[in-house]
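Read off the chains here:
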Amino acid sequence: MFKKSIFNYFLSALSTFVFLSITSCESRGILQSATDLTISEGFENPIGFYDANPTFSWQLPVFEDNKSQSAYQIVVASSPDLLPNNADLWDSKKQESNQSTWVKYNGKTLQSRQKVYWQVKYWNQNSETSIWSEINHFELGLLKNKDWQAKWVGLNTAKDSLRGRGKVLIHKPQYLRKGFELSNDVASARLYITAKGVFDVSINGENISDDAMSPGFTTYDKRIETLTYDVTNFIESGQNIIGVELASGWYSGRLLWGTTPWDNTISPKIVCQLELEMKNGSKKTIISDESWKGSTNGPLQFSEIYDGEIYDANLIMPNWSTNNFDDSNWTSVEVENIANNVKLEPKRHTTVKGKIKLTPTEITKKDGTLIFDLNQNMVGVSLVKVPMKKGDTLKIRFAEMLSPDGTFYTKNYRSAHSTDYYIASKDGEIEYMPKFTFHGFRFVELSGFDASKEVSKDWVTGIVQYSDFDENGTFTSSHQKLNQLQSNIVWGLRGNFLDIPTDCPQRNERLGWTGDAQVFGPTSMFNADVYKFWASWLQSVREAQLEDGAIPWTVPDSRGNKIASSGWGDVATIIPWKIYMRTGDVGFLEDNFEMMKQWVGYHQKKSNKYISNMMSFSDWLQPYPESGKNTGDTSRNLIGTAFFAHSAKLTAQAAQVLGKTEEQAKYEALYKTVATAFDNKFFDETGTIKGVTETQTSYLLALAFRLLPDNKINNAQNNLLRKLQDADNHLRTGFLGTPLLSKVLDEMGEVDLMYKLLFNETYPSWFYSINQGATTIWERWNSYSKKEGYNPMSMNSLNHYAYGAIGEWMYERVGGIAPLEAGYKQIKIAPQVRQPLTSAEASVNSPYGKIVSSWKMNGNEFQLNVVIPPNTTAKVIIPGDTKQELVLDENTFKENINIKLIKNAGDIFELLVQPGSYKFKSKIN
């Protein structure tokens, strides 16, 4: 009791001290320190970092009189003891600037392995200074090939492999190991490792990470990413063992088409370099070389991404990655020097991990099998804990949905076998989770278990895997189906952001289709912290770009046909601009500007008198196509020309941001020239499509990309409305047209119509799939119906995020949060309030802090709560009868230092708002 009292007294005294310290600091003009310090695309204290020229970002703490930043100072040092006054790498000195994001490092050259420490302080709008921030740090990985002493090593599995489709071989997984002895205690140990394949590594029998499918999927002919691990606590004085499991993965595994720019017939290999610093100051390096040994006779006998795994417990090698193992019958590895034509670079976004666990909600017995329903279409693996009898084979199958008779529906997996097998070595409960594959599924079917045992839901757990990012935004409303749509969008993102942005996660594809990616980018950026994810993939897009400027259909390229598609290859201009608008990072435009120009150049090569003749997947999977084709009815020449103009315009905008005035003028002129050619070729004098099939998408492209003269716009808008009316106010748009629908109708003032399209229940609509039981976004508007069953087409993914692009409009116009200036430096809060909604709320973590817009209708009273983070401003547009009073925080609104009235007419109040939290009320007639 006495100890508890003393403890409570101590806590109380400490809290009082902290409070008085902060209060004292503020009263003396000394502010709380900056928060949320990150480098480059949002990394916090990373190890094995990729960028020797990072940028620095921070946020201002939230309190009443901290509105904006007027200056900053950054100090960078090689030791924390040198901060803040003796920074030996860089001292920015006091910079009169409101910039608190993406500040470029301008100090001494940084080297591989270097650990760097940094701090920042800021001055606010009143020239009051903050205390120094906490010290943050980053440690660089091995930045160049010359930093590697190690060699590629592995077994020759090609000679014993099965032959897959085409030239691809099916390689047996490998077990590799290396022993080494240390006579001193270790002070620090770093393991640098990567693979031509996918790997998992242990030291002295302990797995060193929970990463999955490392190192990931890149343009392997240009770059392979490396991982860095702090393994200090795994190393022992005396004998040590490194053990690596290695499988084909994307590099040497089965991929659709399989004609990759890299040689995918070679046996998988690893390169590994363990750098040790001893407590006595000496150093030692252990590398992968001729001294390593390997075996393919371990329990993992087969592993392919599309097809699953075979695990034979009879072949388990106890302690194989420890010193207590005899490897005398193992084989010496083959060795290959590191070539200079493929860069080894530190991984520049987060690894894949098991992020969420799902438990079954229902178990069904069917024809001697058990079917476990996880109640959510997901991507990852199953963890099974199942009773078995010795010698039996547990068969684990997966499906996204069931057939009407309760059996598994796997036709949409096409040739992906997507099945795991476990062969039991003894009676009793086994525990198994596959390591080098992943599946897209909601249902898990088990057979081969001990049927005499009582069935339990804990036999199966769904391990949801995706790149290790966090939630970034939220959206909810008063409408259950709209909330389900938001859930479907988020689960589609999780399922298709497994190291790269994929089209689908379950069939024999799972590739980085560029068209799907370009329409979904903004929606993903709102929902998740995926800037580093996109930056990494865009590097692969730059590397995959061909000499003539073409962008392959998929990145990394698995076809190698050197053909680009309009609307798909335009990811090269659309994603850089869209991501820039949500981050404000000029460096991202700098990185991608040359690619943007080359892509526009390719457009020009594929045009005749500025009319495109480029191949195109067109408005993919448009519903009710008169042509009967997946490419829909919109002219590919019209689509290509529209995207030619749009990409030229985006490149001009990027040039303007980068201060490249000559190139800005060049691409603006090109945009205008292409737009004129588009108008002359495809529109008559009345603003009506001519010469090609008239579609909703043809008008949407013309209007969204501003390709028509002013005198034709009204008629083109009316023609779009007519096409919608002809479809009973339902969409007839595919992958390219759908993301433009909400933007165009909103700009036309047709928000009521857009609400109707969003809330339609019948096919084709977003709610149609929800009414059929969807828990993710589907590839087709009618992938399945309760009445007609499954769509008979082979391309019928039930986890395909493209149509989830509607999320961008939901967050910006229903929730009401949009960037007016890049990076949300200036914010627009303008929710569109319509029936059937009575409330909606959105929040997003911007580079400056959290933004919130939450509205509710209470009778005819409109209530809006907003949060604006420091160092930004917001334009807040509130619907209401301007003849009646506007209420702010329960008082009649009056202009003040924080809020200025810009417009007060008709049915809106328009305000310029400084950072803070506010509650508004208005009356709506």
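Residues numbered from 1 in each chain as written. Predicted model: local features only at pLDDT ≥ 70, side-chain atom pairs only at ≥ 80, totals over all residues. Heavy atoms only, no water.

(A) Representation of the overall build of the protein chain in the model. Across its full length, the protein chain carries 14 helices and 56 strands. For the protein chain, whose C-alpha radius of gyration is 29 Å, the value lies close to the compact-globule estimate of 29 Å for 925 residues. With the C-alpha coordinates aligned to their principal axes, the bounding extent of the protein chain is approximately 90 × 75 × 65 Å. Burial statistics for the protein chain: of 925 residues in total, 62% are counted as buried. (Helix = DSSP H or I, 4+ residues; strand = E, 2+ residues; numbered from the N terminus. Rg over C-alpha atoms; globule rule 2.2 N^0.38 Å. Buried < 20%, exposed > 50% of the residue type's maximum accessible area, 1.4 Å probe, protein only.)

(B) Structural context of the packing of helix α5 (residues 571–583) against helix α7 (residues 636–657). One way to put it is that α5 packs onto α7 with a least axis distance of 9 Å and a crossing angle of 45 degrees. Classified by the angle their axes make, α5 and α7 are oblique. Once α5 is placed against α7, the crossing between them reads as left-handed. Residues Thr-573, Ile-574, Trp-577 and Tyr-580 of α5 form the contact with α7, whose own contacting residues are Phe-643, His-646, Ser-647, Leu-650, Thr-651, Gln-653, Ala-654 and Val-657. Considered class by class, the residues forming the contact of α5 with α7 number seven nonpolar, five polar and no charged. (Axes fitted to C-alpha atoms, helices over the stretch in contact; angles between N-to-C directions. Parallel < 35°, antiparallel > 145°, perpendicular 65-115°, else oblique. Left-handed = near helix turned anticlockwise from the far one by under 90°. Contact = heavy atoms within 4.5 Å. Nonpolar A, V, L, I, M, F, W, Y, C, P; charged D, E, K, R; others polar.)

(C) Local environment of the sheet that holds strand β53 (residues 891–892). With respect to topology, seven strands assemble into an open sheet ordered β39-β48-β49-β50-β56-β52-β53, the strand pairing being antiparallel. One side of each edge strand has no neighbouring strand; the edge strands of this open sheet are β39 (473–477) and β53. Examined bridge by bridge, strand β49 (residues 849–858) and strand β50 (residues 861–868) share seven bridges and lie antiparallel to one another. Bridged to Met-857 within β50 is Phe-862. (Pairing = 2+ DSSP bridges.)

(D) Examining the pairing of strand β54 (residues 899–905) more closely. Note that β54 and strand β55 (residues 908–913) share six bridges and pair antiparallel. Within β55, the position partnered with Ala-905 by the bridge is Ile-908. Where β54 folds back on β55, the antiparallel hairpin that results is connected by two residues, among which Gly-906 adopts a positive phi of roughly 65 degrees.

(E) Highlighting the packing of aromatic side chains. Summed over all chains, the structure comprises 62 aromatic pairs. Here the aromatic rings of Trp-320 and Trp-330 are separated by 6.2 Å at their centres, their planes lie at 25 degrees, and the arrangement is stacked. With Trp-320 in the loop between β25 (308–312) and β26 (331–332) and Trp-330 in the loop between β25 and β26, the pair connects residues that are ten residues apart, well separated along the chain. Owing to a relative accessible area of 9%, Trp-330 belongs among the buried residues under this scheme. Ring centres 5.9 Å apart and planes at 75 degrees place the aromatic pair Tyr-755 and Trp-809 in the edge-to-face group. Of this pair, Tyr-755 sits in helix α12 (residues 751–759) while Trp-809 sits in helix α14 (residues 807–815), and the two are 54 residues apart along the sequence. By way of ring pairs, the aromatic residues Tyr-466, Phe-469, Phe-497, Phe-520, Phe-533, Trp-534, Trp-537 and Tyr-801 are connected into one cluster. In this arrangement the basic side chain of Lys-196 is found over the ring face of Trp-152, its NZ or CZ atom lying 4.7 Å from the centre. When the ring centre of Trp-257 is taken as origin, the NZ or CZ atom of Arg-559, which lies over that ring, is 4.9 Å away. (Phe/Tyr/Trp six-rings, centres within 6.5 Å; stacked < 30°, edge-to-face > 60°. Lys NZ or Arg CZ within 6 Å of the ring centre and 35° of its normal.)

(F) Structural context of the sheet that holds strand β20 (residues 238–247). Spatially, the six strands line up as an open sheet ordered β17-β16-β20-β14-β23-β26, and their pairing is antiparallel. The open sheet has two edge strands with one neighbour each: β17 (206–207) and β26.

(G) Spatial organisation of unusual backbone geometry. For the bond from Ser-214 to Pro-215, the omega torsion is 10 degrees, close enough to zero to count as cis. Along the chain, Pro-215 falls in the loop between β18 (211–212) and β19 (223–230).

(H) Examining the packing of helix α2 (residues 480–496) against helix α3 (residues 514–527) more closely. One can describe the packing of α2 onto α3 by two numbers: an axis separation of 11 Å at closest approach and a directional angle of 100 degrees. Put simply, α2 runs roughly perpendicular to α3. Within the contact between the two elements, α2 uses Gln-486, Ile-489, Val-490 and Leu-493 and α3 uses Phe-520, Thr-523, Ser-524 and Asn-527. A breakdown of the residues in the contact of α2 with α3 according to their chemical character gives four nonpolar, four polar and no charged.

(I) Looking closely at the pattern of salt bridges. For the coordinates displayed, the defined rule picks out 44 salt bridges. The residue Asp-91 makes a salt bridge to Lys-93 at a minimum N-O spacing of 3.5 Å. When its relative accessible area of 25% is taken as the criterion, Asp-91 is described as partly exposed. Owing to a relative accessible area of 51%, Lys-93 belongs among the exposed residues under this scheme. For Lys-712, the salt bridge identified is with Asp-679, shortest N-O distance 2.8 Å. Pair noted here: Lys-712 is in helix α10 (residues 710–726) and Asp-679 is in helix α8 (residues 661–682), with a separation of 33 residues, a long-range link. Take Lys-712 and Asp-679: they sit in the same class, and that class is buried. The structure contains a network of salt bridges with shared partners spanning Arg-223, Glu-225, Lys-347, Asp-499 and Glu-543. (Salt bridge = Lys/Arg side-chain N within 4 Å of Asp/Glu carboxyl O.)

(J) Focus on the pairing of strand β4 (residues 55–59). Burial analysis of β4 places five of its five residues in the buried class, the great majority of the element. Alternating residues of β4 divide into Thr-55, Ser-57 and Gln-59 and Phe-56 and Trp-58, and every residue in both groups is buried. Sheet topology note: the strand β2 (residues 35–39)/β4 ladder contains three bridges and is antiparallel. The residue of β4 that forms the bridge with Ile-39 is Phe-56. Sheet topology places β4 next to strand β7 (residues 103–104); two bridges connect them, and they run antiparallel. Bridged to Thr-55 within β7 is Lys-104.

(K) Representation of the nonpolar core in the model. Core analysis: the biggest nonpolar cluster contains 211 residues, and Leu-446 and Leu-485 have the highest contact counts within it. The element contributing the most residues to this core is α7, with eleven residues. Among all residues touching Leu-446, those that are not within four sequence positions of it are Thr-369, Leu-370, Phe-372, Val-384, Val-386, Leu-394, Lys-395, Ile-396, Trp-459 and Val-460. With 30 residues, the next largest nonpolar core counts Val-153, Val-201, Leu-246 and Cys-272 among its residues. (Core = buried A, V, L, I, M, F, W, Y, C linked by side-chain atoms within 4.5 Å.)

(L) Representation of the environment of Lys-712. Judged by its relative accessible area of 9%, Lys-712 falls in the buried class. Sequence spacing of Lys-712 and Thr-686 is 26 residues, and the spatial spacing of their C-alpha atoms is 6.3 Å. When residues no more than four places from it in sequence are discounted, the contact partners of Lys-712 are Asp-679, Phe-683, Asp-684, Glu-685 and Gly-687.

(M) Spatial organisation of the side chain of Ser-635. Its place among the elements puts Ser-635 in the loop between β43 (611–612) and α7. From its side chain, Ser-635 meets the backbone nitrogen of Asn-637 in a polar contact 3.1 Å long. If we skip the residues at most four places from it in the chain, Ser-635 touches Phe-682 and Val-692. (Polar contact = N/O pair within 3.5 Å; in protein donor to acceptor, adjacent residues only side chain to side chain.)

(N) Quick look at the confidence of the model for the protein chain. Confidence in the prediction for the protein chain averages 95 pLDDT; 96% of positions are at 70 or higher. With pLDDT under 50 throughout, residues 1–28 is counted as low confidence; its partners more than four residues away or in other chains account for six contacts. (pLDDT = per-residue confidence, 0-100.)

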